[in-house]
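Working through the structure, step by step
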Amino acid sequence: MIKETIDCDILIIGAGLTGLTIAYQLRNAGFSVKVAEARSRIGGRIETIKTEAGEKVEMGATWLGRKHTYLTRLLAELNIATFEQIIGDTAIYEAISTSPHYLARIPPNPEPSLRISGGTEVLIQRLSSHISSEDIFLDAKVDSIKRDNNKTVTDCIHTIFKSKIVISTLPPNLLVTSINFENQLPQDLISIARNTHTWMGESIKIALTYPTPFWRQEHLSGTIMSNVGPVPEMYDHSNVEDNKYALMGFLNGGYFQLTKEERLAIIMKQLKKYFGEFAETFTSYEEKIWRTETDTFTSYESNVLPHQNNGHDLYQESYLKDSLMMAGTETSTYYPGYMEGAVYSGLLTSQKVIKRLSV
Ligand SMILES: Cc1cc2nc3c(=O)[nH]c(=O)nc-3n(C[C@H](O)[C@H](O)[C@H](O)COP(=O)(O)OP(=O)(O)OC[C@H]3O[C@@H](n4cnc5c(N)ncnc54)[C@H](O)[C@@H]3O)c2cc1C
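Rules used in this analysis
- Residues numbered from 1 in each chain as written.
- Predicted model: local features only at pLDDT ≥ 70, side-chain atom pairs only at ≥ 80, totals over all residues.
- Helix = DSSP H or I, 4+ residues; strand = E, 2+ residues; numbered from the N terminus.
- Rg over C-alpha atoms; globule rule 2.2 N^0.38 Å.
- Buried ≥ 20, exposed ≤ 12 C-beta atoms within 10 Å, placed from the backbone.
- Contact = placed C-beta atoms within 7 Å.
- Near = placed C-beta within 6 Å.
- Nonpolar A, V, L, I, M, F, W, Y, C, P; charged D, E, K, R; others polar.
- Domains from an automatic or database assignment.
- Axes fitted to C-alpha atoms, helices over the stretch in contact; angles between N-to-C directions.
- Parallel < 35°, antiparallel > 145°, perpendicular 65-115°, else oblique.
- Left-handed = near helix turned anticlockwise from the far one by under 90°.
- Arc of directions from axis to C-beta.
- Pairing = 2+ DSSP bridges.

**Considerations on the overall build of the chain**
From N to C terminus, the chain includes seven helices and 19 strands. For a compact globule of 359 residues, the expected C-alpha radius of gyration is about 21 Å, and the chain comes in at 22 Å, within 12% of that figure. The principal-axis extent of the C-alpha atoms belonging to the chain is close to 70 × 45 × 40 Å. Each of the 359 residues in the chain was classed as buried or not, and the buried ones make up 43%. Long-range pairs, those at least 24 residues apart, make up 70% of the contacts in the chain with a sequence separation of at least 6.

Below is the structure:
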């Protein structure tokens, strides 16, 4: 197959929150950019899915707080509203397997968790609406990057990009294991990246939709905290209009090897303990096993701790004769791992690019 060659000033790898924030900022500053995205959708670790009955459930990022000032400012600029996560004043709490669960009082939270009205995907859609769809290349998984004369050559399945600057927004561990740099990356960067945690990479998100919010009765709120599991946390996930109802939470990541049916069975067992037969009245069950998403997660060289090496000094440098920049939430020195870290990284990186290309 003959590949198309595209010459451009700036290539961004990844159309997640970081990549789209950079593209949005650079477009606003009058630069033209191209974005290469491996998946057939944009958003990366932001994925809002719609069930057949029309409920939207978050399989990726969901919550933010007012302390996330860069994200909050971006949402305001894009005219995107938020609403408070329903927590209630009591949670179903299960401390140990040998004692029954009970209702625990939740103290008032001066910093409530917020959700994005219409789903987190609204942020992704709004950012991408400012970028021409012709500049976002889907199904464009980058295989190799090398510096050749005065251009950086980025090769993906159907296209070769030749650019002055290339910006990676991949989790660093994924970057150095899945892209061939023809030995042009320094060994110390590779070692740090191989041991950099990818936030939520091992997680399992689950959601059940229901015709009624039966859990909002007799001091119940849908909030579940369990040390026993297999679901350690669950929350009311109804929409802002409060006419589509769901419960959403996490399943212990160790259950990735079970079948979907087996996972649902153990979740039901736990929920029936709390809600009785009501638990079985769900209209759909959705799940996402992030560790099997090869465009997000790859295993580490050795065990890493949450946030290990996030925001490392080496990610603030550029490589391949100053043409490769590292961005993405794991490279951020501020709230790494979170959407706030992705936006901060996006803003900082675009400022660096503007400075570099304006001289
Ligand atoms: C289950 C889960 C729950 C979360 N909950 C929250 C939350 O409640 N609040 C919060 O603030 N954050 C949360 N997060 C984290 C949040 O999703 C991330 O911080 C943010 O989305 C990261 O954006 P990013 O652009 O830096 O990375 P990503 O979203 O990972 O984007 C990287 C992009 O690069 C693409 N890519 C990968 N390889 C290649 C390649 N070779 N070529 C081209 N493209 C490639 C990927 O497909 C992806 O689109 C959660 C994440 C998960 C998974």
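**A closer look at the site of the ligand**
Among the 42 residues in the neighbourhood of the ligand, the closest are listed as Gly14, Gly16, Gly44, Arg45 and Ala61. Elements represented by at least two residues in the shell around the ligand include exactly α1 (17-28), α4 (172-178) and α7 (339-358). Of all the elements, α7 adds the most residues to the shell around the ligand, at four residues. Looking at the shell around the ligand residue by residue, the classes come out as 20 nonpolar, 15 polar and seven charged. Two domains each donate at least three residues to the shell around the ligand, and these are domain 1 (1-46 + 120-198 + 308-359) and domain 2 (50-118 + 202-292).

**Observations regarding the domain arrangement of the chain**
When cut into domains, the chain gives domain 1 (1-46 + 120-198 + 308-359) and domain 2 (50-118 + 202-292). Taking the mean C-alpha position of each, domain 1 and domain 2 sit 32 Å from one another. Contact residues are listed per partner, giving twelve residues for domain 1 and 14 residues for domain 2. Listed by contribution, the elements that provide at least two residues to the side of domain 1 that touches domain 2 are α3 (121-128) and α7. The leading source of residues in the side of domain 1 that touches domain 2 is α7, at five residues.

**Quick look at unusual backbone geometry**
Look at the link from Gly229 to Pro230: it is a cis peptide, with omega at 10 degrees. Counting through the fold element by element, Pro230 comes out in the loop between β14 (224-226) and β15 (233-236). Despite not being glycine, Asp242 shows a phi value in the positive range, around 60 degrees. Within the secondary structure, Asp242 is located in the loop between β15 and β16 (245-251). With 11 C-beta atoms packed within 10 Å, Asp242 lands in the exposed category. A positive phi angle, near 55 degrees, is found at Lys321, a position not held by glycine. Structurally, Lys321 can be placed in the loop between β18 (318-319) and β19 (324-326). By C-beta crowding, Lys321 is classed as exposed, having 10 other C-beta atoms within 10 Å.

**Focus on the packing of α1 against α3**
Remark: α1 packs on α3, axes separated minimally by 9 Å, with the N-to-C direction vectors making an angle of 30 degrees. As far as their axial angle goes, α3 and α1 are roughly parallel. In this structure, α1 crosses over α3, and the sense of that crossing is left-handed. Across the interface between the two elements, Leu17, Leu20, Thr21 and Tyr24 of α1 pack against Ile124, Leu127 and Ser128 of α3. Class assignment of the residues belonging to the contact of α1 with α3 gives a composition of five nonpolar, two polar and no charged.

**Considerations on α3**
Of all the residues in α3, the buried ones are Glu121, Leu123, Ile124, Leu127 and Ser128. The buried residues of α3 occupy one face: seen down the axis, they fall within an arc of 160 degrees. Looking at the buried side of α3, the elements it contacts are α1, β3 (48-50), α2 (69-77), β8 (114-116) and β9 (136-137).

**Quick word on the packing of α1 against α7**
Packing of α1 against α7 leaves a shortest axis separation of 8 Å and a crossing angle of 35 degrees. Relative to α7, the crossing made by α1 is right-handed. Judged by residue contacts, Leu17, Thr18, Thr21, Ile22, Gln25 and Leu26 of α1 engage Met339, Ala342, Val343, Ser345, Gly346, Leu347, Thr349, Ser350 and Val353 from α7. Here the contact of α1 with α7 is built from residues that sort into eight nonpolar, seven polar and no charged.

**Quick word on the sheet that holds β14**
Spatial strand order, β7-β6-β14-β15-β16-β13-β17: seven strands in an open sheet with mixed pairing. The open sheet has two free edges, formed respectively by β7 (102-105) and β17 (284-289), since each of these has just one partner strand. Between one strand axis and the next, the sheet turns by 20 degrees as a mean value, whatever way the strands run. Here seven bridges tie strand β13 (residues 204-210) to β16, and the two strands are oriented antiparallel to one another. Across the sheet, residue Ile204 finds its bridge partner in β16, namely Leu251. This element, helix α6 (residues 260-275), spans β6 (90-94), β13, β14, β16 and β17 of the sheet and lies at about 120 degrees to β17.

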